[in-house]
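If you want the building blocks of each chain, they are given just below.
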Amino acid sequence: QVQLVESGGGLVQAGGSLRLSCVASGRTFSTLAIGWFRQPPGKEREFVATLDWFGYSTNYADSVKGRFTISRDNAKNTVYLRMNDLKPEDTAVYYCAARSTFNGGLWRPWESDYWGQGTQVSVSS
């Protein structure tokens, strides 16, 4: 199985930047697609970005395009989410997720095979 642990969240002013990390354990991790999701206060969990480990392709929610970047470091078993020009509406608990079968496109939260515990990102105005 796979275990995911997020880190890097915190409090930042609007316009600032933050980088989240998701460290994975398990020898099968390299075969999995990775996604970032977030859950704003009082709302349901929503898609942020995905990365196809086989095709090296990425996909982003419209709300974060041009500001967020998903990437990975296989040697460290780590996936990153670089967040630039943060806005108050980006405030949420951010989760990384893994999925054994994914060819890109829409990824619903309930389709994830593994979840991290989440890390809080708060953006002040």
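Residues numbered from 1 in each chain as written. Predicted model: local features only at pLDDT ≥ 70, side-chain atom pairs only at ≥ 80, totals over all residues. Heavy atoms only, no water.

**Some thoughts on the sheet that holds strand 7 (residues 68-73)**
Each strand in a sheet pairs with its neighbour through backbone hydrogen bonds, running either in the same direction (parallel) or in the opposite one (antiparallel).
No. 1: Strand order in the open sheet formed by four strands is 1-3-8-7, with antiparallel pairing between adjacent strands. Each end of this open sheet is capped by a strand with a single partner; those strands are strand 1 (3-7) and strand 7. Within the sheet, the average angular offset between the axes of one strand and its neighbour, ignoring direction, is 20°.
No. 2: In this sheet, strand 8 (residues 78-83) lies alongside strand 3 (residues 18-25) in antiparallel orientation, the contact comprising six bridges. Bridging from a neighbouring strand, Ser21 pairs with Tyr80 of strand 8. (Pairing = 2+ DSSP bridges. Helix = DSSP H or I, 4+ residues; strand = E, 2+ residues; numbered from the N terminus. Axes fitted to C-alpha atoms, helices over the stretch in contact; angles between N-to-C directions.)

**Comments concerning the nonpolar core**
No. 1: Grouped together as the largest cluster of nonpolar side chains are 34 residues, with contacts concentrated most on Trp36, Leu81, Met83 and Tyr94.
No. 2: Those elements that place two or more of their residues in this core are strand 3, strand 4 (33-39), strand 5 (46-52), strand 7, strand 8, strand 9 (92-99) and strand 11 (119-124).
No. 3: Broken down by element, the residue count for this core peaks at five residues, all from strand 9.
No. 4: When sequence neighbours within four positions are dropped, the list of residues in contact with Tyr94 reads Glu6, Leu20, Trp36, Phe37, Arg38, Val48, Phe68, Leu81, Met83, Gly118, Thr119 and Val121. (Core = buried A, V, L, I, M, F, W, Y, C linked by side-chain atoms within 4.5 Å. Buried < 20%, exposed > 50% of the residue type's maximum accessible area, 1.4 Å probe, protein only. Contact = heavy atoms within 4.5 Å.)

**Focus: the state of the cysteines**
A covalent bond bridging the sulfur atoms of two cysteines is what the word disulfide describes.
No. 1: Here the structure, examined in full by the defined rule, presents one disulfide.
No. 2: There is a disulfide in this structure between Cys22 and Cys96, and the S-S distance comes to 2.0 Å. The sign of the S-S torsion, about 60°, decides the handedness of the disulfide formed by Cys22 and Cys96: right-handed. With Cys22 in strand 3 and Cys96 in strand 9, the pair connects residues that are 74 residues apart, well separated along the chain. Judged on exposure class, the residue Cys22 and its partner Cys96 are both buried. (Disulfide = S-S within 2.5 Å.)

Note that every value here comes from positions in space, so none of it alone points to a role or purpose.
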